[in-house]
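The chain contents come next:
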Amino acid sequence: MRTRTALPAVLLAVAAVTAACGKSEAEQQADCQKALTSSSTKTSRPEACKDLSQDDYETLLMAYALQQGINDMPTEDQQLLDMSDDGELNGSISGD
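A brief structural summary. Only a predicted model underlies this, so the values are computations on that prediction, with no experimental measurement involved.

### Digging into the overall build of the chain
When helices and strands are tallied, the chain shows four helices and zero strands. Along the chain, helices and strands appear, N-terminal first, in the series α-α-α-α. When contacts within the chain are restricted to residue pairs at least 6 apart in sequence, those whose partners lie at least 24 apart make up 27%. For the chain, the exposed area adds up to about 7,200 Å²; of that, 57% sits on carbon and sulfur atoms.

### Looking at helix α3 (residues 54-71)
Helix length check: α3 (18 residues) gives 25 Å between terminal C-alpha atoms against 26 Å at 1.5 Å per residue, within 8%. Buried within α3 are the following residues: Y57, L60, L61 and I70.

### Notes on the pattern of salt bridges
Considering all chains together, one arrives at two salt bridges under this definition. The salt bridge involving D31 is made with K23; its shortest N-O contact spans 2.4 Å. Under the relative-accessibility criterion, D31 is labelled partly exposed at 25%. Its salt-bridge partner being K42, residue E58 comes within 3.9 Å of it at the nearest N-O pair. Separated by 16 residues along the polypeptide, E58 in helix α3 and K42 in the loop between α2 (25-35) and α3 bring together distant segments of the chain. Residue E58 is classed as partly exposed on the basis of its relative accessible area of 26%. The exposure class of K42 is exposed, given its relative accessible area of 51%.

What counts and what doesn't
- Every residue gets a number counted from 1 within its own chain, in the order that chain's sequence is written.
- Totals for whole chains, interfaces and linings use every residue, but because this is a predicted model, local features are given only for residues with pLDDT of at least 70 and side-chain atom pairs only at 80 or more, for both listing and counting.
- Calculation of side-chain values draws on the structure's entire complement of heavy atoms; hydrogens and water are dropped beforehand.
- Helix and strand assignments come from DSSP, with helices taken as H or I runs of at least 4 residues and strands as E runs of at least 2, each series counted from the N terminus.
- Any two residues having at least one pair of non-hydrogen atoms within 4.5 Å are treated as being in contact.
- Per-residue accessibility takes into account occlusion by the displayed protein chains alone, with areas from the Shrake-Rupley method and a 1.4 Å probe.
- To estimate the expected span of a helix, count its residues, drop one, and scale the result by 1.5 Å.
- For each residue, the accessible area found with a 1.4 Å probe, counting protein chains only, is set against the maximum for its type, and the residue is called buried under 20%, exposed over 50%, and partly exposed in between.
- Whenever a carboxyl oxygen of Asp or Glu lies within 4 Å of a side-chain nitrogen of Lys or Arg, that contact is scored as a salt bridge.

Printed below as a string of structure tokens:
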């Protein structure tokens, strides 16, 4: 009888320890954002992005591409977008 109750308890403990060692979804996304480069594509993921779902990865990739496009714009155009965003010139649009 002890074997029947001990085995599930051990398995539950191992599962809890394994889950505690993993990164949260937010931590995985933050690591992925840092790892994205201009060579990242839908099918060529950085190692830090491997555990994210395809939808989450594509969302981060699209945000990265959009931010790069904004950063490549002339300063005057970035400022125009910034003013349109929240009515203030406060850098809320640029990634800098």
